[in-house]
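Structural characterization, general
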Amino acid sequence: MARIALRAPLLYTGEPGGVEHNVYIVYDEDEGRIVDVTREKPLDAELLDPGDAAVVTPAFIDPHSHIGMVRHGEPIDEEEANERFESVLPLVDAIYSVYMDDRYFRESVEHGVLYSCVLPGSGNIIGGRGALIRNWARSIEDAYIKPCGLKMALGYNPRSTTTWKGTRPYTRMGVFALLYQWLKKAYDAATLIEKGVKSVEEFDPEIQALIPVVKGEELLRVHVHKADDIMALLMMRHRLPLVKPPRFTVDHACDVHEKWVFERLRRENIPLIYGPVDSHAYKVELKHESYRNIRLLVEARPFFALMSDHPVVLQRNLFLQTRFLLRYGMSKDEAIATVTGNPAKILGLDAGIVKPGWRASLVVWTGDPFSLESYPRMVIAEGRIVHEEG
């Protein structure tokens, strides 16, 4: 067993309040797991000492992106973020439209972003299943970790695709009508299966794929920007045919400009995947989008993580969005958690927090990561150095 002891003069663990000084992160290079975090210099491990100025953070996790689907240097008509043959697509799986030769993967790794939840786009009511992947892998087989939720979309986007094939909604009420139609079929199927009247194999694959949704077993990743769309989503839990209330995240919320909306999400314990910050407000439903909305987010404190929505904001710039959190009063350790530990908890990934048993995916910075002159000097992915520079 090859044990490495990484010296961390300053460590942000990836959780709020998680700041350690002068510790050693001991990890198994072969297993790719953290063994210990200790103040005592280990005698049975090879020392990796980045110097007294170094700061160590967990690797960053992007919980909402389209990297590898919308690719560097390729014409926009070659991107594969949205399938167009129907508006409800529970069998579509994002992993099969990810291409690991996208150059942006390399740039993400160089900036400490090692994990991505790659989701289908928002042109469909249900766009398909997301894929949680390793950014440094050479193929989608090596990259794939597990599903990261079923993509659902409210708002303008699924209403803007009326020229695509299949049954398409023109209004928000039309979106919910189609959603009701499909979930009612899944609900009826789940009920008949539970009563022993039918077996799961007797139903079409699309219905089988939606049964975990109506039973509250699969995470719904809901694209939504405006307050009324968020309220419609909350009403959905009580008006749609569901065996159990659905598990879902609110993704985006960039038009939210009143604190009570964020406070409602906090009270309801609904995770928010916020952003992308720094993007262009390119449609009417984003007319209230502003970096100043982050003040309301920080004041209300729902449980949230930041996203890149790559390529809307390049994934390599994910960490830069945390500067606004600091501007509005969040501490550095809390801000780092929004791109490490928080997305890890939402996605159910054992990375993004530095503690024994978790993946040894780490970023060694030349100095304070919030300083413009600092950069990742070394990036460690599950025990292996995948990027290093002077």
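Look up a bit, the structure's there.
Presented here is an overview of the structure given in this document. (Residues numbered from 1 in each chain as written. Predicted model: local features only at pLDDT ≥ 70, side-chain atom pairs only at ≥ 80, totals over all residues. Heavy atoms only, no water.)

Before going further, it helps to spend a moment on the overall build of the protein chain. The number of helices and strands found in the protein chain is ten helices and 16 strands. The C-alpha radius of gyration computed for the protein chain amounts to 21 Å, which stays within 12% of the reference 21 Å derived for 390 residues, consistent with globular compactness. By principal-axis analysis of the C-alpha atoms, the protein chain measures approximately 65 × 45 × 45 Å. Looking at the 390 residues of the protein chain, the share that counts as buried comes to 57%. Residue pairs in contact within the protein chain that sit at least 24 positions apart in sequence constitute 69% of those at least 6 positions apart. (Helix = DSSP H or I, 4+ residues; strand = E, 2+ residues; numbered from the N terminus. Rg over C-alpha atoms; globule rule 2.2 N^0.38 Å. Buried < 20%, exposed > 50% of the residue type's maximum accessible area, 1.4 Å probe, protein only. Contact = heavy atoms within 4.5 Å.)

As a further point, take unusual backbone geometry. Put simply, Gly275 and Pro276 share a cis peptide bond, and its omega is 5°. The residue Pro276 is located in the loop between strand S12 (272-274) and helix H7 (293-300) in this model. Note the cis peptide between His310 and Pro311, where omega equals 15°. Here Pro311 is to be found in the loop between strand S13 (304-306) and helix H8 (323-327).

Let us now look at the sheet that holds strand S8 (residues 126-134). Pairing is mixed in the open sheet, where eight strands are placed in the order S6-S7-S8-S9-S10-S11-S12-S13. Of all the strands in the sheet, just strand S6 (60-65) and S13 have a single pairing partner and so form its edges. Going across the sheet, the axis of each strand differs from the next one's by a mean of 25°, ignoring polarity. One ladder, built from six bridges, connects S8 with strand S9 (residues 144-153); its direction is antiparallel. (Pairing = 2+ DSSP bridges. Axes fitted to C-alpha atoms, helices over the stretch in contact; angles between N-to-C directions.)

A few words on the nonpolar core. One broad rule of soluble globular proteins: the nonpolar side chains tend to lie buried together. If you look at the biggest cluster of nonpolar residues, it comprises 83 residues, and the most contacted ones within it are Leu179, Ile230, Val250, Phe262, Leu272 and Tyr274. The leading source of residues in this core is helix H3 (residues 172-194), at nine residues. When residues no more than four places from it in sequence are discounted, the contact partners of Ile230 are Val224, Val250, Ala253, Val256, Val261 and Leu265. Core analysis: the second largest hydrophobic core is formed by 16 residues, Tyr27, Ala54, Val56 and Ile380 among them. (Core = buried A, V, L, I, M, F, W, Y, C linked by side-chain atoms within 4.5 Å.)

All chains considered together, the criterion is met by 31 salt bridges. One salt bridge in this structure joins Arg39 and Glu20, with 3.0 Å as the shortest N-O distance. Taken together, the positions of Arg39 in the loop between strand S3 (33-38) and strand S4 (46-48) and Glu20 in strand S2 (residues 19-28) put the pair 19 residues apart, joining distant regions of the chain. For Arg359, the salt bridge goes to Glu382, with nearest N and O atoms at 2.9 Å. With Arg359 in the loop between helix H10 (341-347) and strand S14 (362-365) and Glu382 in the loop between strand S15 (376-381) and strand S16 (384-388), this pair connects stretches of sequence that are 23 residues apart. Arg359 gets classed as buried once you look at its relative accessible area, which sits at 11%. Overlapping salt bridges, with partners in common, bring together Arg33, Arg134, Asp350, Arg359 and Glu382 in one network. (Salt bridge = Lys/Arg side-chain N within 4 Å of Asp/Glu carboxyl O.)

Attention now goes to the packing of H3 against helix H5 (residues 227-239). In helix packing, the relevant descriptors are the interaxial angle and the interaxial distance, both defined with respect to the helix axes. The interhelical angle for the contact between H3 and H5, taken along N-to-C directions, is 30°, at an axis separation of 12 Å. Looking at the two axes, H3 sits roughly parallel to H5. In the packing of H3 onto H5, the handedness of the crossing is right-handed. Two secondary-structure elements touch here, H3 through Arg172, Phe176, Leu179 and Tyr180 and H5 through Asp228, Asp229, Ala232, Leu233, Met236 and Arg239. Across the contact of H3 with H5, the residue classes tally to six nonpolar, no polar and four charged. (Parallel < 35°, antiparallel > 145°, perpendicular 65-115°, else oblique. Left-handed = near helix turned anticlockwise from the far one by under 90°. Nonpolar A, V, L, I, M, F, W, Y, C, P; charged D, E, K, R; others polar.)

Attention now moves to the packing of aromatic side chains. Geometrically, a pair of aromatic rings is defined through the distance of the ring centres and the angle of the planes. By the definition in use, this model includes seven aromatic pairs. Ring centres of Phe60 and Phe319 lie 5.1 Å apart, and the angle between their planes is 5°; this geometry places the pair in the stacked category. With Phe60 in strand S6 and Phe319 in the loop between S13 and H8, the pair connects residues that are 259 residues apart, well separated along the chain. With respect to class, Phe60 is no different from Phe319; both count as buried. On the numbers, 5.5 Å between centres and 80° between planes, the contact of Tyr115 with Trp136 is edge-to-face. (Phe/Tyr/Trp six-rings, centres within 6.5 Å; stacked < 30°, edge-to-face > 60°.)

Our focus in this paragraph is helix H6 (residues 259-267). Looking only at H6, the buried set comprises Val261, Phe262 and Leu265. Projection of H6 onto a plane perpendicular to its axis shows the buried side chains occupying an angular sector of 95°, all on one side. Positive phi appears at Asn269, one or two residues downstream of H6, with a value of about 60°. (Arc of directions from axis to C-beta.)

Here we take up the state of the cysteines. On inspection of all chains with the given rule, the structure shows one disulfide. The disulfide that involves Cys117 links it to Cys148, with 2.2 Å between the sulfurs. Its S-S torsion of approximately 85° makes the covalent link between Cys117 and Cys148 right-handed. You can see Cys117 sitting in strand S7 (residues 113-118) and its partner Cys148 sitting in strand S9, a full 31 residues away along the chain. Considered together, Cys117 and Cys148 belong to a single accessibility category, that of buried residues. The cysteine Cys254 is free of any disulfide, with Cys117 supplying the nearest cysteine sulfur at 16 Å. (Disulfide = S-S within 2.5 Å.)

Where H6 contacts H7, the axes come no closer than 9 Å and their chain directions differ by 35°. The crossing of H6 and H7 is right-handed. Mapping the contact onto sequence places Lys259, Phe262, Glu263 and Arg266 in H6 and Asn293, Leu296, Leu297, Glu299 and Ala300 in H7. Residue composition of the contact of H6 with H7, grouped by class: four nonpolar, one polar and four charged.

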